[in-house]
Structure formats: C-alpha cells, structure tokens
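Structural overview
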Amino acid sequence: MQSYLISLSDFEAKAKRALPQGIWDFIASGAQDEVTLRRNKEAFQRIPLRPRRPVDITKRDLSVTVLGQKLSFPVMVAPMGVHKMAHLDGELASARAAGAAGTLLALATGSTYSIEDVAKVATGPLWFQLYYNGRQISEFLVKRAEAAGYTAVIVTVDVPLHSPKERDVRNKFTSPPGIERANFARLPKGLTQSTVQSGQWSAPPVTVAIWADIDWLRSITKLPVLVKGIMTAEDARLCVEHGVSGVIVSNHGGRQLDCQSATIEVLPEVVQAVGGKAEVYLDSGIRRGSDVLKALALGARAVFTGQPIFWGLAVDGEAGARRVLEILRAELDLAMAFCGRPTIKSI
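Notes on the structure in this doc start here.

Definitions and cut-offs
- Residues numbered from 1 in each chain as written.
- Predicted model: local features only at pLDDT ≥ 70, side-chain atom pairs only at ≥ 80, totals over all residues.
- Heavy atoms only, no water.
- Helix = DSSP H or I, 4+ residues; strand = E, 2+ residues; numbered from the N terminus.
- Buried < 20%, exposed > 50% of the residue type's maximum accessible area, 1.4 Å probe, protein only.
- Polar contact = N/O pair within 3.5 Å; in protein donor to acceptor, adjacent residues only side chain to side chain.
- Contact = heavy atoms within 4.5 Å.
- Pairing = 2+ DSSP bridges.
- Right-handed = clockwise from strand over helix to strand, strands pointing away.
- Expected span 1.5 Å × (residues − 1).
- Arc of directions from axis to C-beta.

The subject of this paragraph is the side chain of Ser 163. Along the polypeptide, Ser 163 turns up in the loop between strand 6 (153-156) and helix 7 (166-171). Take Ser 163: its relative accessible area is 17%, and that puts it in the buried class. Looking at Ser 163, its side chain comes within polar contact range of the main-chain oxygen of Gln 256, at 2.8 Å.

Here's what the structure looks like:
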C-alpha cells in the first residue's frame, strides 16, 4: 500500500484515476444536482467539537455492541450492490476486510456474489439488506440469509421508484459484462429469470415495503429486522410501534432524492423519537473519524460507510478496503482522545 494514502480523500483520488469514467460516475454520483450528496459531507464539517480536558485517556476502548454483537469499533460496511464494479473479488474482498477489521458487512440484495458465497469467506458478522419485492421473493432471500448465518435483516424503504443519476444517463451507462446480481442465479418455484430480469426486481414494476409488510417479515424470520431510509421523527416512531430492532437514518447517500436534509441533521430528532426502544444507526457522508464521533455524540450507536469501501477496493482490493476501515478507526481513536472520551459509552 502506497505510503501517501493516509486519508479517505487520498483513496478517493486514486480510485478516480484507476476506474473507467463511467464506472467512477456510477459509484460517485448523486441524484439530479447532487445537492444532498454534497450536503451529507458538508453538514458534518459545520458541527464543531467540544473537547473536555484534562481527562485520563491512556486506556481507550473503541468497541461497541450492535444488536448484541461486539464489534471492535463502531463503523460497519454499508449495504451496496455490485462491489465487483470496483474489484473482481467484490463482496468477497469486502467481507474479508470487514472481518479483519473486527466489524460487520451488510450484504445488499444486488450483490455480485451470492448470500452463500459471501458467508463462506466472512470472518465477521453479516447482515442482509432486502429490497422488498413481494412476499414470495422476499421470503426466498431472507430464508437463505438466515440459513447462511446472517444475523439481521435490513429492509430498505427509501427507493419507491428508480431514480436514474444524470451522470449515468449522459454516459449511457450499462453494467459491464460479468456484473450480475448473484442472488438471482437460482430462483424459487414459479419465478423465472425473465420475471426478475437478472435481479432488477421488475414484478410488479413498483414495489416497496409498507408497514404491513414489515409486520409480515418479522413473522417469518427469527432475525431482528431493521428499517433503513428513515429521515423523520414520525417514521421513527412508527418503526418503534411496529417492533423493529433498529432504525438506520439514511438518505441513500444522496443518490435517490435530491434536496433533502443530511442524515446528521435529522439524527437527533430520530434518536429522540425512538426513545431507546430500538438501536439507531446512521449512514451517508462519513469521511473522517471525527464524523463518526459526531454521529455517536448525537445519539447513533454506530455508523455505516459506503463509497469509501469502493475506493479501497478499486485501489487495492481487500487490502484497500481494510485500510479504509483502519484509517477511520485510527482517526476516531485520535478524536476521542483529544475530546477526553476514552470509551464509546463516555461519548
């Protein structure tokens, strides 16, 4: 690993040079004018830290539990499809990197390696992210994840329609050869490849989980269910009413609806609405360990990082993805020390 790659922005710059323009734009782009994409990062920068001194910080502990599972630090790999666009080892490399860093990976429905193949190489916990597409195919996927040893299900609820990124439209972007949704290589009885269009979830054309579907999902699996894409106190309260185990504050990285709030801006109202009855996590915009500290200080139990994992993969595969996580861990440790917060609980 090159010695000059000392920050996530270094990885971003090198990944941009390493990847074809179309693939880079697919990974990096946001919806429409990309206002939310920028706001996610800028909102963190506007929040100042309040360091407490003098405090004994000689012994620091970054470990945290999420749904009862211990992680070495509170940064997890977000559910993102098509890791293979960044590196041929795709989600296999990402899972190994997460395990080596002592954290977990959330595998996306649209992964380029299957639920089972990722589970075979993972050395850390795995969660499964579900795009709800009717009960038959959703149960098919969730039961496979449960059988393979995944320990939670994340239902993404913030994509009621496909929102094409304008960079992709201008590039006439299509998935490169060999990039397929591996979880649809085998299908339940009654469904065909043409029905799901190799995992593009086209039957019916528009399907998104509603609260009755969340209730149904909780009834068919022993796994805890989390809801991803919550941006208001009102929806956070509904999550609690419907018994979900976790709420993920997310605007999909600014990739679906433009001109909405940054996730860190709405985190406090979601935390207050949940009232400790479910665990709260955050994604979108994490670029520094100090960003992680700010999210924890405002009530998140842990955070997810997404795009930076792709940058790491593009630069150096598994080693690059692991280095991205190590940088965030080191920066968080430094920020905690300077702020007089030696443990996650003390934040």
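Here Trp 211 lies in helix 9 (residues 211-220). Look at Trp 211 and you get partly exposed, because its relative accessible area is 24%. Here the alpha-carbon distance between Trp 211 and Glu 241, two residues 30 residues apart in the chain, equals 9.9 Å. Here Trp 211 is in contact with Asp 235, Leu 238, Cys 239 and His 242, once residues within four sequence places are set aside.

A separate point is unusual backbone geometry. Here Arg 53 and Pro 54 are connected by a cis peptide whose omega angle stands at -10 degrees. Examined against the element boundaries, Pro 54 turns out to sit in the loop between helix 3 (35-45) and strand 1 (64-66).

Okay, the pairing of strand 6 next. Here strand 6 shows two buried faces, one formed by Val 153 and Val 155 and the other by Ile 154 and Thr 156. With 3 bridges joining them, strand 5 (residues 126-130) and strand 6 adopt parallel strand pairing. In the strand pairing of strand 6, Leu 130 is matched with Val 155. Crossover handedness for the path strand 5 to helix 6 (residues 135-148) to strand 6: right-handed. Of the strand pairs in this sheet, strand 6 and strand 7 (residues 225-230) are connected by 4 bridges, and their pairing is parallel. Its bridge partner being in strand 7, Val 153 is matched across the sheet by Val 225.

Checked against the element boundaries, Asn 183 lands in the loop between helix 7 and helix 8 (193-196). Along the backbone, Asn 183 and Ser 290 are 107 residues apart, and their C-alpha atoms lie at a distance of 36 Å. Dropping the residues within four chain positions of it, Asn 183 is found in contact with Ala 108, Thr 109, Ser 111, Tyr 113, Ser 114, Ile 115, Phe 128, Phe 140, Leu 141 and Arg 144. There is a polar contact of 3.0 Å between the side chain of Asn 183 and the side chain of Ser 111.

Turning our eyes to something else, we now look at helix 11 (residues 263-274). The first and last C-alpha atoms of helix 11 sit 16 Å apart over 12 residues, in line with the 16 Å expected at 1.5 Å per residue. Within helix 11 the residues assigned to the buried category are Thr 263, Ile 264, Val 266, Leu 267, Val 270, Ala 273 and Val 274. Within helix 11, the buried residues cover an arc of 150 degrees as seen down the axis, which keeps them to one side. Its buried side turned inward, helix 11 meets helix 3, strand 7, helix 10 (233-241), strand 8 (246-249), strand 9 (279-282) and helix 12 (289-297). Where helix 11 ends, the next residue or the one after it, Gly 275, has phi of about 60 degrees, a positive value.

A separate point is the environment of Arg 135. Along the polypeptide, Arg 135 turns up in helix 6. A relative accessible area of 38% places Arg 135 in the partly exposed class. As a C-alpha pair, Arg 135 and Phe 11 span 124 residues in sequence and 40 Å in three-dimensional space. Not counting residues within four places of it along the chain, the set of residues in contact with Arg 135 comprises Ala 212, Asp 213 and Trp 216.

All we've got here are geometric facts, nothing functional implied.
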